[in-house]
Each structure stands twice: as C-alpha cells, then as structure tokens.
Amino acid sequence: MKNSIFKPMLVIPAALFFLQACSSKPKEYGKAELTFGTVCYVKIYTEKNGAEARNILDGLFSELNRLELIFSTNMQDSVLEKIHINAGKSAVDVPDELYGVLEKALFFAEKTGGAFNPAIGPLVKLWNIGTEDACLPPAEDLKEALNIVDYKNIELKDGTVFLRKKGMRLDLGGIAKGFAADYTKSFLLTCGIKKAVIDFGGNVLVMDTKPDGSLWKVGLKNPVIGEPKSAAAYIDVSGKTVVTSGNYERFFEKEGVIYHHILSAQTGYPVKNNLRAVTVIGENSMEADALSTSFFVMGLEKSLQLIKDFPEVSAVFFLEDNSIFTAGAEVKNLNILDDKFRLERF
Ligand code: ADP
Ligand code: MG
C-alpha cells in the first residue's frame, strides 16, 4: 500500500455505507480487499452456487489488482511511473484502459476550465495528504510545481502518452476509482451477475434493485470534521452510482488550519470554499467521480451552472454552515437523517 498512487489513508474510508437488509433469495456473497488505495467491497446477489460466486469475486479482484498496477503512481514498474520518467523526453505506449481514462480526464479538465486537473501530480506529491508523510510544503516549492501542472501539456496520440515538461506527473486519484467501479459492473454483467453493491471507499455503484425489488438506501456520511461519521442522509436508488468528494476523510491539521487532499492548480494549496462535501449521483461512476472532485474544486455556484450540461447527473452539496443544496432529478429521493442539516430550496 505504501507504494500505491492512491495513498493509504489515515482514516478508513467508505464515505458511504449501506443501510439495507438482505433478503434470503438469491444468496449474497461478498469480498473486500485493499486496492486502489482504499477498501474495495463488492457484494453480489446470485442463485449460482458458492464456489461459482467465489470464483467470480476472485477473478474480479485479480483484475482490479492488475488495473491498480497500471494506475499506480509510485509503484516502480507502473505504467504511470514510466510516463513520468519519460516526461519531457518521449511518448510512452499505454494500455487501452489508461488511455481511455486519460481521455476522459482531459475532457473534464477542459469542461471545468482546469478545476479538474489530471496533471496535479507534482502538487499531490509535495503535500502527501492521506499518508504519514503529509506536510505543509515550502511556498517556493509549491510555486515551482505550479509551472508543471498544466494539463494542456499532456499529449495523447495513437495509444501513447507524452508529458511535454520534465517533472510533470499524472494523478488519477480523482477519477480512477470511478473507472474501477464501472469496470467491476461490466465484469459482473459478463459473469451473469445483475444485482450487486460495489463500494470503493466513497465511490458506490449499485446494480439494479435489491433482491426483493426495493431500492437501495445509500448513506451519505456526516461530513463535519470531528463528529462521528454516521449517516447524515441517505438516498434511495436503483442502478445508480453515488460518489462523494469531501475535505473530511483525508486531511491534516496544523495550527488550527485544515489541509485536505483536493488541491487547486491555481494556488497550489487545498481548495478553500464553503463546501464540506459534494455527492454526485449518476449512471457512470467515472463521470460521477470526476464531477464530484470538479464540483468540490469549483464551489457551489459554478457547479450549479456546469451540472446543467449533464442532464442525467444529480448532486448534493454540503456547506460549512450545515445547509444542503441539491440539483437534479434523483435528489427527490434524498432523506436527511440528522436535523442539524437544513435542505435549502432554490
Ligand atoms: P477520494 O479519492 O478521496 O474519493 P476524490 O475523488 O475527490 O476523493 O479525489 C481526490 C484525489 O484526486 C486526491 O487525493 C488527488 O489524488 C486527486 N486530486 C487532488 N486535487 C485534484 C484536482 N484539482 N483535480 C483532479 N484530481 C485531483
Ligand atoms: Mg473524484
């Protein structure tokens, strides 16, 4: 884990969790492993026998481990590391999975005016938030890193990736878990599994309805730092992904200031606005992952503009003053459990 791009966390993740009970038929089988820098938990519901179900889950996790090796920034022989070593020198052939995720990441970088930035790697490395090495970097170092975080210097061409400036580093921590969740869904469908819960630490995807035909209840964690991480709300969904980005899971505190892991490529510092967390509900987990990070960086007003371009996406914004703002059709199924939070209508 120490070598993973998706840095080991100080706090065990799962920004979301499930409140559902399971019905007796078909049977439930689950598996959890530490991969993609977080606890990845998959539960499947099937009438297949135990040996078949375990085979499917084992096969899935060996695929996830293969993918982690592609997306890892720190594992010495990862594809991303090879791209970094060749930054400013030459283009590197990459697997289709990485090329596809980078294309999407650049789409979101353009769409958000660089708020979502897959070239944020040099800053992520300086801060190391979420690891034991987290620290407040010297201002000069941050200033220097700002020269090599322009996503426009990422060149994708015919299955190759070229970083135009030496020292550039990719970071896909804001999108790769979503990709992995979508990948898991496709893998399970290929194996004949139609109902499942995929929980990759804050990236949840539910397939279909619960076995009894009712909706899944996906919990949204209380995002207030220092308070127990019980559910502040839950949302009833079927066949949807529910993804949260917030400042309350990976952070450190120094002299009363919270430094968290979502960074501004403009300032070099953790993004500062009045948000605690943003949850995005949609069809595609990679898109929801990129959008939740983007919305967190952009703040409420700009996000409410951008979300209009994604008609199938809904969002829940938790503000510092405990107000909650929502957008999109799916939020009609939002239920607030903790009455300190106020749902604002606008
Ligand atoms: P989490 O990974 O905790 O679920 P996010 O999906 O919001 O949360 O991703 C945060 C991660 O994205 C950071 O840990 C870092 O790896 C990366 N990141 C940080 N700032 C940005 C940014 N401005 N744009 C894109 N990715 C970022
Ligand atoms: Mg994200």
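Residues numbered from 1 in each chain as written. Chains lettered and ligands numbered in written order. Predicted model: local features only at pLDDT ≥ 70, side-chain atom pairs only at ≥ 80, totals over all residues. Heavy atoms only, no water.

K.L.:
Give a description of the overall build of the protein that names residues and reports values.
P.N.:
Looking only at helices and strands, the protein has eight helices and 17 strands in total. Relative to the globule expectation of 20 Å for 346 residues, the C-alpha radius of gyration of the protein, 20 Å, shows essentially globular dimensions. Each principal axis of the C-alpha distribution contributes one length, and for the protein these read about 60 × 45 × 35 Å. Taking all 346 residues of the protein together, the buried fraction comes to 58%. A sequence separation of at least 24 residues applies to 64% of the contacts in the protein between residues at least 6 apart. In the form shown here, the protein has an accessible surface area of approximately 14,700 Å², with 50% of it arising from carbon and sulfur atoms. Taking the average location of the 40 positive side-chain charges in the protein and that of its 44 negative ones, the two points are 1 Å from each other. (Helix = DSSP H or I, 4+ residues; strand = E, 2+ residues; numbered from the N terminus. Rg over C-alpha atoms; globule rule 2.2 N^0.38 Å. Buried < 20%, exposed > 50% of the residue type's maximum accessible area, 1.4 Å probe, protein only. Contact = heavy atoms within 4.5 Å. Areas by Shrake-Rupley, 256 points an atom, 1.4 Å probe, with all protein chains shown as cover. Lys, Arg positive; Asp, Glu negative; His and termini not counted. Charge placed at Lys NZ, Arg CZ, Asp CG, Glu CD.)

K.L.:
Quick one: what's the story with the nonpolar core, residue by residue and with numbers?
P.N.:
With 77 residues, the main nonpolar core has Phe-71, Ile-83, Leu-98, Leu-172, Leu-188 and Phe-317 as its most contacted residues. With nine residues, the single largest contributor to this core is helix 1 (residues 50–71). Setting aside residues up to four positions removed in sequence, Leu-188 forms contacts with Val-42, Ile-44, Ile-56, Leu-60, Ile-193, Ala-196, Ile-198 and Met-207. The next biggest cluster of nonpolar side chains, apart from the first, holds 22 residues, and it includes Ile-281, Val-316, Phe-318 and Phe-341. (Core = buried A, V, L, I, M, F, W, Y, C linked by side-chain atoms within 4.5 Å.)

K.L.:
So what about the site of ligand 1? Which residues, and what values?
P.N.:
With respect to spatial proximity, 16 residues lie near ligand 1, and among them Asn-117, Asp-171, Ser-245, Leu-263 and Thr-293 are the closest. The separation between a nitrogen atom of ligand 1 and a polar main-chain atom of Ala-115 is 3.0 Å. Contacts to ligand 1 include Leu-263, whose backbone N or O atom sits 2.8 Å from a nitrogen atom. Calculation on ligand 1 without its partners gives an accessible area of 560 Å², and the protein chains cover 94% of this total. The element that contributes the greatest number of residues to the shell around ligand 1 is helix 7 (residues 285–298), accounting for three residues. Looking at the shell around ligand 1, its residues break down into six nonpolar, six polar and four charged. (Near = heavy atom within 4 Å. Polar contact = N/O pair within 3.5 Å; in protein donor to acceptor, adjacent residues only side chain to side chain. Nonpolar A, V, L, I, M, F, W, Y, C, P; charged D, E, K, R; others polar.)

K.L.:
Summarise the sheet that holds strand 10 (residues 241–246); cite the residues concerned and give the values.
P.N.:
In space, the nine strands of this open sheet follow the order 1-2-6-7-10-13-14-15-17, with mixed pairing throughout. Two strands close off the open sheet at either side, each with one partner strand: strand 1 (27–35) and strand 17 (342–343). With four bridges connecting them, strand 14 (residues 314–319) and strand 15 (residues 323–327) associate as antiparallel partners. Within the sheet, the bridge partner assigned to Val-316 lies in strand 15 and is Thr-326. (Pairing = 2+ DSSP bridges.)

K.L.:
Lay out helix 3 (residues 96–111) with the relevant residues and their values.
P.N.:
Under the 1.5 Å per step criterion, the end-to-end length of helix 3 is 22 Å for 16 residues, consistent within 8% with the ideal 22 Å. Looking at the packing, one finds that the buried side of helix 3 touches helix 1, helix 2 (79–85), strand 4 (154–157), strand 5 (160–163), helix 6 (176–190) and helix 7. Of the residues trailing helix 3, Gly-113 is marked for its positive phi of about 60°. (Expected span 1.5 Å × (residues − 1).)

K.L.:
Describe in detail the pattern of salt bridges, supporting the description with residues and values.
P.N.:
Going through the model one piece at a time under the given rule, you end up with 16 salt bridges. For Arg-169, the salt bridge goes to Glu-81, with nearest N and O atoms at 3.2 Å. In this pair, Arg-169 sits in the loop between strand 5 and helix 6 while Glu-81 sits in helix 2, placing the two residues 88 residues apart along the sequence. Here Arg-169 matches Glu-81 in class, with each residue buried. Of the charged contacts in the structure, one is a salt bridge between Arg-164 and Glu-155, with a shortest N-O distance of 2.7 Å. Given a relative accessible area of 27%, Glu-155 falls into the partly exposed group. Connected through salt bridges with shared partners, the residues Lys-31, Glu-33 and Asp-58 form a single ionic network. (Salt bridge = Lys/Arg side-chain N within 4 Å of Asp/Glu carboxyl O.)

K.L.:
Explain the coordination of the magnesium ion (ligand 2) residue by residue, including any values.
P.N.:
Protein coordination at the magnesium ion (ligand 2) comes from Gly-174 (O), Asp-289 (O), Asp-289 (OD) and Thr-293 (OG1), with a distance range of 2.0 to 2.6 Å. Read in sequence order, the donor residues for the magnesium ion (ligand 2) give the motif G-x114-D-x3-T. Here Gly-174, found in the loop between strand 5 and helix 6, pairs with Thr-293, found in helix 7; they are 119 residues apart in sequence, far enough to count as distant. (Donors = N, O, S within 2.8 Å, 3.2 Å for Na, K, Ca; no water.)

K.L.:
Tell me about the environment of Ile-154, and please be specific about residues and values.
P.N.:
Mapped onto the fold, Ile-154 is located in strand 4. The class for Ile-154 is buried, based on a relative accessible area of 6%. Sequence-wise, Ile-154 and Asp-58 are 96 residues apart; in three dimensions their C-alpha atoms are separated by 35 Å.

K.L.:
Describe the side chain of Glu-81, listing the residues and the values that go with them.
P.N.:
For Glu-81, a relative accessible area of 13% gives the class buried. Discounting residues that sit within four places of it in the chain, Glu-81 has contacts with Ser-72, Thr-73, Asn-74, Met-75, Gln-76 and Arg-169.

K.L.:
Before we move on, can you summarise helix 1 with the specific residues and values?
P.N.:
Its 22 residues place the ends of helix 1 31 Å apart at the C-alpha level, agreeing with the 32 Å of an ideal helix rising 1.5 Å per residue. Buried within helix 1 we find Gly-50, Ala-53, Ile-56, Leu-57, Leu-60, Phe-61, Glu-63, Leu-64, Leu-67, Glu-68, Ile-70 and Phe-71. Buried residues of helix 1, viewed axially, fall in a sector of 160°; they line one side. Of the residues in helix 1, the exposed ones pointing more than 90 degrees away from the buried face are Ala-51 and Asn-55. Looking at the buried residues of helix 1, the elements they touch are strand 1, strand 2 (38–46), helix 2, helix 3, helix 6 and strand 6 (195–200). At the N-terminal boundary of helix 1, the capping side chain belongs to Asn-49, with an oxygen 3.1 Å from the backbone nitrogen of Ala-51. (Arc of directions from axis to C-beta.)

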